[in-house]
Amino acid sequence: MSFCVECGREGPTFEGVCAEHLQRAHVLVRAPEYVDIERCAHCGRLRIGSRWAVRTPEDALPDAIAAGVETDALVSAVRYATEVRRQDYRTFKARTVATCTVGPWELSASFDTHVRIRAAACPTCSKLKGRFFVGTVQVRAEGRSLTDAEARRAQEIAVGSVSGSEFVSEVEGVRGGIDVRVSSNSFAKRLAAELAKALGGTIRSSATLHTQREGREQYRSTYAVRLFGFREGDVVLWRRSRYRVVGLGDPVRLQDAATGERLRVRSRELRTARVVR
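A word on helix α2 (residues 57–67)
- Among the residues of α2, those classed as buried are Pro57, Ala60, Leu61, Ala64 and Ile65. Buried residues of α2, viewed axially, fall in a sector of 135°; they line one side.

Next up, the structure:
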């Protein structure tokens, strides 16, 4: 039977001492008295560690508090139970109970933390407010201007395509169409493909050197989406036959003006089609 070298009590020991004397000699958890959490003044997301997330302060506080805790070298595992009380809009008080695995025991330690919410701007909103952009999607039509409906639909697709930290920096009306400036080249490439598929058209791309960062060249890509000159309801001459355009997109849906037969044609095959009325 083992015994504690400090008090002589028989029973389980770790590092030669009982649980009571181990806790006297070691502070199992050390927590800061104050914890600050940044909240974006524009979108309301909270910064937890290196990430910005959509969470309520009450939901985020336990993780933020746990991230600031230091544990003793003897603690092999720890779990936290935190009770949060709001004091006002920007301050909270939390009582946390830490259950620490130390040798053969699970020992508890508690601490209080004052949490302050600080106003800040997340990287996405900072870039958006500064009209930051990397990729550009130019939306035009062959031989005509975009219709109001096409321009509205293109903007709806752009806004609806945003994912994660991506954003649309600006939508600018220009002669004949619109330019959509977005946060990344990958977003611009994906958006161009979605626009061409939804509205019917072709895509061309180019890239220009913008800057260098940490020795690496940074490029800005431009994707030119060219919608067809024909619109839904037009009659086009293609491969010596006349077809009515009954649906745009990729593929384009056509109806033979003579036989009524319907067919689907990939957009790239219709580059030679022209409107006859």
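Re the packing of aromatic side chains
- Following the criterion strictly, the structure yields two aromatic pairs and no others.
- Considering the side-chain rings of phenylalanine 228 and phenylalanine 230, the 4.8 Å spacing of their centres and the 15° angle between planes classify their relative orientation as stacked. Exposure class is identical for phenylalanine 228 and phenylalanine 230. Each is buried.

A word on the packing of helix α4 (residues 148–160) against helix α5 (residues 185–199)
- Closest axis-to-axis distance for the α4/α5 pair is 10 Å, and the angle between their directions is 140°. Of the possible angle classes, the one that applies to α4 and α5 is oblique. In this structure, α4 crosses over α5, and the sense of that crossing is right-handed. In this structure, α4 contributes Glu150, Arg153, Ala154, Ile157 and Ala158 to the contact, and α5 contributes Phe187, Leu191, Glu194, Leu195, Ala198 and Leu199.
- Counted by class, the contact of α4 with α5 contains eight nonpolar, no polar and three charged residues.

Section: unusual backbone geometry
- Phi is positive for glutamate 15, which is not a glycine, with a value near 55°.
- Within the fold, glutamate 15 resides in the segment before α1 (19–25).
- With relative accessibility at 59%, the residue glutamate 15 sits in the exposed group.
- Backbone geometry at arginine 240 places phi at a positive 65°, although glycine is not the residue there.
- Position of arginine 240 among the secondary structure elements: in the loop between β14 (235–238) and β15 (241–247).
- Its relative accessible area of 84% is what places arginine 240 among the exposed residues.

What about the sheet that holds strand β17 (residues 262–265)?
- Strand order in the open sheet made by the five strands is β17-β16-β15-β14-β18, with antiparallel pairing throughout. At either margin of the open sheet sits one strand with a lone partner, and together these are β17 and β18 (274–275).
- Direction of pairing for strand β16 (residues 252–256) relative to β17: antiparallel, over a ladder of four bridges. Bridge assignment links arginine 253 to a residue of β17, and that residue is arginine 264.

A look at the pattern of salt bridges
- Taken as a whole, this structure holds 19 salt bridges when the rule is applied.
- Between arginine 95 and aspartate 112 there is a salt bridge, and its shortest N-O distance comes to 2.4 Å. With arginine 95 in strand β7 (residues 91–102) and aspartate 112 in strand β8 (residues 105–120), this pair connects stretches of sequence that are 17 residues apart.
- Classification of aspartate 112 by relative accessible area gives partly exposed; the value is 36%.
- Via salt bridges that share partners, Arg131, Glu170, Glu172 and Arg181 belong to a single interconnected network.

Looking at the side chain of aspartate 72
- The topology assignment puts aspartate 72 in the loop between β5 (70–71) and β6 (77–86).
- Here leucine 74 takes part through its backbone nitrogen, which lies 2.9 Å from a polar atom of the side chain of aspartate 72.
- Apart from residues lying up to four places away in sequence, aspartate 72 is in contact with His26, Val27 and Leu28.

Conventions we followed
- All chains use their own residue numbering, which begins from 1 and follows the written sequence.
- With the structure being a predicted model, the display of local features is reserved for residues of pLDDT at least 70 and the display and counting of side-chain atom pairs for 80 or more, all residues being used for whole-chain, interface and lining totals.
- No hydrogens and no water enter the side-chain calculation; it runs on all heavy atoms of the structure.
- Think of it in three bands: residues with accessible area under 20% of the maximum for their type are buried, residues over 50% are exposed, and the middle band is partly exposed, with areas taken using a 1.4 Å probe on protein chains only.
- By definition, any uninterrupted DSSP run of H or I lasting at least four residues is a helix, any uninterrupted run of E lasting at least two residues is a strand, and each is numbered from the N terminus.
- Arc definition: directions from the helix axis to the C-beta atoms.
- Side-chain rings of Phe, Tyr and Trp (the six-membered ring for Trp) are treated as a pair once their centres are within 6.5 Å; stacked means planes under 30 degrees apart, edge-to-face means over 60, and tilted covers the remaining angles.
- Note on definitions: angles span 0 to 180 degrees between N-to-C directions of axes, and those axes are lines fitted to C-alpha atoms, for helices only across the stretch in contact.
- To sort the angles, those under 35 degrees are grouped as roughly parallel, those over 145 as roughly antiparallel, those from 65 to 115 as roughly perpendicular, and the leftovers as oblique.
- Definitions for this section: a left-handed crossing has its near helix turned counterclockwise from the far helix by less than a right angle. A right-handed crossing has that turn clockwise.
- For this analysis, residues touch if any pair of their heavy atoms sits within 4.5 Å.
- The nonpolar class holds Ala, Val, Leu, Ile, Met, Phe, Trp, Tyr, Cys and Pro. Asp, Glu, Lys and Arg form the charged class, and all remaining residues, Gly among them, are polar.
- Pairing between strands is defined by DSSP: at least two bridges between the two strands are required.
- Throughout this description, the term salt bridge denotes a Lys or Arg side-chain nitrogen within 4 Å of a carboxyl oxygen of Asp or Glu.
- Contacts described as polar in this section are N or O atom pairs within 3.5 Å, which, within protein, must combine one atom able to donate a hydrogen with one able to accept it, while residues neighboring in sequence count only if both atoms come from side chains.

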